[in-house]
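A structural walkthrough
Residues per chain, in single letters:
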Amino acid sequence: MEMTNNRISKFAKLLIKVGLNVQKGQPVVITCPVDCADFARLCAKEAYDAGCREVIMNWADDQMVRMKYLHAYDSIFDTVPQWRADMYNSLSAEGAAWLVIHSEDPESMNGVDPERLRRSSVASGKALKPYRDRQMVNFFPWCIASVPSLAWAKKVFPCISDEEAMDKLWNAILDASRVFEDTDPVKEWEEHCETLRRHVEIMNGYDFEYLEYKNSLGTDLTVKLPENHIWAGGSEETQVSKIPFCANIPTEEIFGAPLKTGVDGVVYASKPLVINGTIVDKFSFRLEKGKIVDVQAEVGLEMLKSAIAVDEGASYLGEVALVPYHSPISQSGLLFYNTLFDENAACHIAFGEGYACVKGGTEMTRDELTAAGINDSIMHEDFMVGTPDLSVIGVTKDGRRIPVMVDGDFAF
Ligand code: ZN
Ligand code: ZN
């Protein structure tokens, strides 16, 4: 730990300065597991240094959540305490900056009734809808990052001592986040975001009608893109004040939204996925007119089926993201069992809620986005589809076929 302490402080600063870009007088909400309180304090200190009005803590604890799902009265899974809804909905209306620090045990929910998890996400989806809607249009800045927990570190590095596993996971997270001893991560991130912006501009320039995905796993998928769609990636801007922020650190993706009813074919996942603390692996979807009509999975089929059944939109796609197969995270060769990292190691697709990836989308109401072909759901779950032999071809409105990804990497 000694060796990485300076890097950890730099990481906290990166999250506050680049992730949230905290402004003077802005409230900051930090969601963090109790086990990582030291790291939350580092972030809070940076937030006060940046002039924030107040840091509001939203403590989390995997073990308490697990106990609740196993032992609480069944009736509570359809409700959300009023104070909790009020906190999310009122602070988001004020434009607070939201930092979410994850440190999950990838298997903390093993054995929990998926039906309880489903009912719970329906209830919080409804109660926190004002917050979620504001998040989707960047009404406030938000940033998601991860720090190690022992359970997670041991899952990624199973055969070494606890301390070594924690050290290795910290180093892997800091490497992936471009936080090094002798460089300024804030500057590194500006350059990285510039590269992502270049790819976004090229994709927007082609204005593809649809993308064709193919690889040797068996993926053969056609993804139509909505009229006036746009690609995004790297930093984003808040809706009103146009303050740049970075919603995920690390991030390697550029992303867009598919036309809700315009996806056909078969797509195979290239990595396992953790949904609600349960591992789902070796799975595929068959889609017709955008809807998932068949699901196969060798591991976690029930959890996957329950995830796409949360609401009507959960069985449609909401995101297509392009990530070079040779990104730093992919180069690490690690499977993180954490979507924030694994999604940045490979091209991915999400089922559920679509981002506002159409021109003027962040100014649109939810109904207008639906009319523009963007999927609506309380679910948004990324799964990896990228492989070293993935080919993505973009087809323009006048029928030109442009290679976008060749052998897993950008063609431009
Ligand atoms: Zn993504
Ligand atoms: Zn996503």
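My aim in this report is to walk through the structure given alongside it, one point at a time. (Residues numbered from 1 in each chain as written. Chains lettered and ligands numbered in written order. Predicted model: local features only at pLDDT ≥ 70, side-chain atom pairs only at ≥ 80, totals over all residues. Heavy atoms only, no water.)

Attention now moves to the overall build of the chain. Looking only at helices and strands, the chain has 13 helices and 20 strands in total. Since a compact globule built from 412 residues should have a radius of gyration of about 22 Å, the 20 Å found for the chain is in line with a globular shape. Overall, the chain is about 55 × 50 × 50 Å in size when its C-alpha atoms are taken along their principal axes. Across the 412 residues of the chain, 54% fall into the buried class. Looking at the chain alone, contacts between residues at least 24 apart form 75% of all its contacts between residues at least 6 apart. (Helix = DSSP H or I, 4+ residues; strand = E, 2+ residues; numbered from the N terminus. Rg over C-alpha atoms; globule rule 2.2 N^0.38 Å. Buried < 20%, exposed > 50% of the residue type's maximum accessible area, 1.4 Å probe, protein only. Contact = heavy atoms within 4.5 Å.)

Here we take up the pairing of strand E15 (residues 317-322). Within E15, six of the six residues are buried, leaving the element largely enclosed by the surrounding structure. Where strand E10 (residues 254-256) lies against E15, three bridges are found, and the strand directions are antiparallel. Bridge pairing links Phe-255 to Ala-321 in E15. Relative to strand E16 (residues 348-352), E15 runs antiparallel, the two being bridged by four bridges. From the neighbouring strand, Val-320 faces E16, where its bridge partner is Ile-349. (Pairing = 2+ DSSP bridges.)

Looking at the secondary structure, you find Asp-409 in strand E20 (residues 409-410). Sequence separation between Asp-409 and Pro-324 is 85 residues; the distance between their C-alpha atoms is 4.4 Å. In contact with Asp-409, other than residues within four places in its own chain, are Pro-324, Tyr-325, His-326 and Val-404.

Distances from the zinc ion (ligand 1) to its protein donors, Glu-253 (OE), Glu-319 (OE) and His-348 (NE2), fall at 2.0 to 2.2 Å. Written as a sequence motif, the donor arrangement for the zinc ion (ligand 1) is E-x65-E-x28-H. Here the zinc ion (ligand 1) and the zinc ion (ligand 2) are spaced 3.3 Å apart, linked through Glu-319, which binds each one. With Glu-319 in strand E15 and His-348 in strand E16, the pair connects residues that are 29 residues apart, well separated along the chain. On the accessibility criterion, Glu-319 (1% relative accessible area) is buried. (Donors = N, O, S within 2.8 Å, 3.2 Å for Na, K, Ca; no water.)

Turning next to helix H5 (residues 114-127). Given a rise of 1.5 Å per residue, 14 residues ought to cover 20 Å, and the 20 Å separating the end C-alpha atoms of H5 matches this to within 8%. Among the residues of H5, Arg-116, Leu-117, Arg-119, Ser-120, Ala-123 and Gly-125 are the ones counted as buried. Elements in contact with the buried residues of H5: helix H3 (62-71), helix H6 (129-136) and helix H10 (301-308). Looking at where H5 begins, the residue whose side-chain oxygen comes 2.9 Å from the main-chain nitrogen of Glu-115 is Asp-113. (Expected span 1.5 Å × (residues − 1). Polar contact = N/O pair within 3.5 Å; in protein donor to acceptor, adjacent residues only side chain to side chain.)

This part is about the coordination of the zinc ion (ligand 2). Protein ligation of the zinc ion (ligand 2) involves Glu-319 (OE), His-380 (NE2), Asp-382 (OD) and Asp-382 (OD), the donor distances falling in the range 2.0 to 2.6 Å. With four donor atoms in place around the zinc ion (ligand 2) and angles of 54 to 131 degrees between them, the coordination shape is irregular. Ordering the donors of the zinc ion (ligand 2) by residue number gives the pattern E-x60-H-x1-D. What makes Asp-382 buried here is its relative accessible area of 8%. (Tetrahedral: all angles 85-135°; square planar, octahedral: opposite > 155°, others 65-115°.)

On to H10. Along H10, the positions that sit buried rather than exposed are Met-303, Leu-304, Ser-306, Ala-307 and Ile-308. Among the structural elements, H5, strand E12 (273-275), strand E13 (278-288), strand E14 (291-299) and E16 are those in contact with the buried residues of H10.

Here we have five strands laid out as an open sheet, ordered E7-E10-E15-E16-E17, and antiparallel in their pairing. Here the strands that pair on one side only, and so sit at the sheet edges, are strand E7 (232-233) and strand E17 (380-384). Strand direction decides the pairing type here: E7 and E10, joined by two bridges, are antiparallel. What sits directly across from Gly-233, in E10, is Ile-254. Helix H9 (residues 185-206) contacts E7, E10 and E15 of the sheet and is inclined by roughly 35 degrees relative to E10. (Axes fitted to C-alpha atoms, helices over the stretch in contact; angles between N-to-C directions.)

Sheet topology places strand E18 (residues 391-395) next to strand E19 (residues 401-406); four bridges connect them, and they run antiparallel. Its bridge partner being in E19, Gly-394 is matched across the sheet by Ile-402. Between E18 and E19, which pair antiparallel one after the other, the connecting turn spans five residues, and Gly-399 there sits at a positive phi close to 85 degrees. When E19 meets E20, the two strands line up antiparallel, connected through two bridges. Looking across to E20, one finds that Val-406 is bridged to Asp-409. In sequence, E19 turns back onto E20 through a hairpin of two residues, with Asp-407 there showing a positive phi of about 50 degrees.

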